[in-house]
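# A closer look at the structure
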Amino acid sequence: MTPIIFDLDGTLIDVSARHYSLYRSVISEQGVEALTPDEYWRHRRAGESTIDLLAATPGVDVERFTEAWMEGIERPDWLALDEPYDGAIEIIKALQPEYELVLITLRRDRAALMGQLDALRMRSYFRDVICHGPELVSGKHLLQGVAELTPGGYAVGDTEADIELASETGRRAICLSYGVRSGCYLASRGAETVIGTLRELPEVINAAERSGGPADVDQGVALRNVHTRARF
Ligand SMILES: [Mg+2]
C-alpha cells in the first residue's frame, strides 16, 4: 500500500490555544507583557519558533522561558487544549483502508502523545506512530524507524520540517497553509503543493494517483484543479 505520512501538530490538530496560552502564561510570570494572539501568530506563521519571537519582547529571561516552555508544551493539561481540525478524523478514517497511514511527530513524550491520540480517538488509524526519542536529531527523516517505512507516497504537514522529511525520504510533500506556518512561508521553503483545508487532501491524492502516483504530480497534469502555489 502507498504510505501517507501525517504530521500531527498544526496538521491534524489545532495547537494554537496550547501554544499561545503557554507562551502567555510563561512570559506573564516574568512580568513581561505578552504579544497579542494575532502578533504571536504573525511571527510563528512567518517561520519563527516561540523562542525566536522572544526577541520581539525585550526583558525576557530567555533561558528561564525556554526551560518552562519545554517543561510545559507536552504536558497533558496543556495538550488538553488541542482540538482536531474540522474533518480530520473523518478524512484519516476514509484514507486508512486504502493507504498505509503513519504519524511522524517531533514530540518527545511518547506516553503523553499516545494518551492524547487515544483521547482524540485517532490512534487506531495509524499503522505506526513515530516520535522523537531521547536522542538528538536534526530532522524527522533521522528519527528511529523512518528509514524502515515503505518508500514513496506522500508526506502531509504544516511546516518546513515536513517538506524536509518528504525530500529526504523521496515522498511528495503536501503542505497545509492553516497550521503553524503560512502558505507563503511554506512556498518560500520549496513547497509545491499547498492546500488551505484538510478536506482538499483526498482530492489531491486521488488526482495524483490517477496520473500514476506521487512522482508524476510534477508533470503538472494532476493538480491543475487544485490549489498549487495559491492562497497566499
Ligand atoms: Mg506540524
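The shown structure was predicted, so the numbers you read here are calculated from the model rather than taken from an experiment. Starting afresh in each chain, residues are numbered from 1 along the sequence in its written order. With the structure being a predicted model, the display of local features is reserved for residues of pLDDT at least 70 and the display and counting of side-chain atom pairs for 80 or more, all residues being used for whole-chain, interface and lining totals.

## Details of the overall build of the protein
Note the threshold: We count a stretch as a helix when DSSP gives it H or I for four or more residues in a row; a strand needs E for two or more, and each element gets its number in order from the N terminus. A radius of gyration in this sense is built from C-alpha atoms; the matching globule rule multiplies 2.2 Å by the number of residues raised to 0.38. The burial label depends on the number of other C-beta atoms within 10 Å of a residue's C-beta. Counts of 20 or more mean buried, 12 or fewer mean exposed, and intermediate counts mean partly exposed, with C-beta atoms placed from the backbone. We call two residues in contact when the distance between their C-beta atoms, placed using the backbone, is within 7 Å.
A count of helical and extended segments in the protein gives nine helices and eight strands. Expected size for 232 residues packed as a compact globule is a radius of gyration near 17 Å; at 18 Å, the protein falls within 12% of this value. For the protein, the residues scored as buried account for 37% of the 232 residues in total. Sequence-distant contacts, at least 24 apart, represent 62% of the contacts inside the protein between residues at least 6 apart.

## Description of the packing of helix H1 (residues 16-29) against helix H3 (residues 62-72)
How two helices pack is summed up by the angle between their axes together with the distance between the axes. How we decide: To get an axis, a line is fitted to the C-alpha atoms, and for a helix only the part in contact is used. The angle between two axes follows their N-to-C directions and goes from 0 to 180 degrees. By definition, any crossing whose near helix is turned counterclockwise from its far helix by less than a right angle is left-handed, and any crossing with a clockwise turn is right-handed. Residue polarity is assigned by list, with Asp, Glu, Lys and Arg as charged and Ala, Val, Leu, Ile, Met, Phe, Trp, Tyr, Cys and Pro as nonpolar; anything else, Gly included, falls into the polar class.
Contact pair H1 / H3: the axes reach a minimum separation of 10 Å and the direction vectors enclose 140°. Helix-helix and strand crossings are classified by hand; for H1 and H3 the assignment is right-handed. Of H3, the residues touching H1 (which contributes Leu22, Val26 and Ile27) are Phe65, Ala68, Trp69 and Gly72. For the contact of H1 with H3, the class distribution of residues is six nonpolar, one polar and no charged.

## So, the environment of Tyr154
Examined against the element boundaries, Tyr154 turns out to sit in strand E6 (residues 154-157). It is 6.1 Å that separates the C-alpha atoms of Tyr154 and Ile5, two residues lying 149 residues apart in sequence. If near-sequence neighbours (up to four positions away) are discounted, Tyr154 is found in contact with Ile4, Ile5, Arg171, Arg172, Ile174, Ile205 and Pro214.

## Comments concerning the sheet that holds strand E7 (residues 172-176)
Put simply, the rule reads: If DSSP finds at least two bridges between two strands, the strands pair.
As summarised here, the arrangement of the six strands in space is E5-E4-E1-E6-E7-E8, forming an open sheet in which the pairing is parallel. Single-partner strands in this sheet number two, and they are strand E5 (128-130) and strand E8 (194-195). Relative to E7, E6 runs parallel, the two sharing four bridges. Within E7, the residue paired with Ala155 across the bridge is Ala173. Relative to E7, helix H7 (residues 160-169) is tilted by about 170°, and along the sheet it contacts strand E1 (3-6), strand E4 (100-104), E6 and E7.

## Re the domain arrangement of the protein
Here is the rule: Residue ranges assigned to the domains are those given by an automatic or database domain assignment.
Parsing the protein into structural domains produces domain 1 (3-14 + 83-219) and domain 2 (16-79). Centre-to-centre, using C-alpha coordinates, domain 1 lies 25 Å away from domain 2. With 11 residues of domain 1 at the interface, the matching set in domain 2 holds eight residues. Of all the elements, helix H6 (residues 110-119) adds the most residues to the side of domain 1 that touches domain 2, at three residues. Looking at the side of domain 1 that touches domain 2 residue by residue, the classes come out as three nonpolar, three polar and five charged.

## Considerations on the environment of Leu103
With respect to the element layout, Leu103 can be found in strand E4. What Leu103 contacts, discounting residues up to four positions off in sequence, is Phe6, Leu8, Phe126, Val129 and Ile130.

## Side note on helix H5 (residues 88-95)
The following threshold applies: Directions from the helix axis toward the C-beta atoms define the arc.
Every buried residue of H5 is accounted for by Ala88, Ile91 and Ile92. The buried side chains of H5 occupy one side of the element, clustering within an arc of 95° when seen end-on. Taken together, the buried residues of H5 touch strand E2 (13-14), strand E3 (83-84), E4 and helix H9 (201-210).

## So, unusual backbone geometry
Phi is positive for Arg121, close to 55°, though the residue is something other than glycine. For Arg121, the location among the structural elements is in the loop between H6 and E5. Assessed through the 11 C-beta atoms surrounding it within 10 Å, Arg121 is described here as exposed.

## Describing the pairing of E6
To keep it simple, the criterion reads: Whether a crossover is right-handed depends on one test, that the path from the first strand over the helix to the second runs clockwise when the strands point away from the viewer.
Of the two faces of E6, the one lined by Tyr154 and Val156 and the one lined by Ala155 and Gly157 are each fully buried. With three bridges connecting them, E1 and E6 associate as parallel partners. The partner of Ile4 across the bridge, within E6, is Tyr154. In this region the chain leaves E6, passes through H7 and returns to the parallel neighbour E7; the handedness of that crossover is right-handed.

## Some thoughts on the nonpolar core
We apply this condition: The nonpolar core is taken to be a set of buried Ala, Val, Leu, Ile, Met, Phe, Trp, Tyr and Cys residues joined by way of C-beta atoms within 7 Å.
Grouped together as the largest cluster of nonpolar side chains are 42 residues, with contacts concentrated most on Ile5, Phe6, Leu103, Val156, Ile174, Cys175 and Leu201. Setting aside chain neighbours within four positions, we find Cys175 in contact with Gly157, Asp158, Asp162, Ile163, Leu186, Ala191, Thr193 and Val194. Membership of the second largest hydrophobic core comes to 10 residues, among which are Tyr23, Val26, Tyr40 and Ile73.

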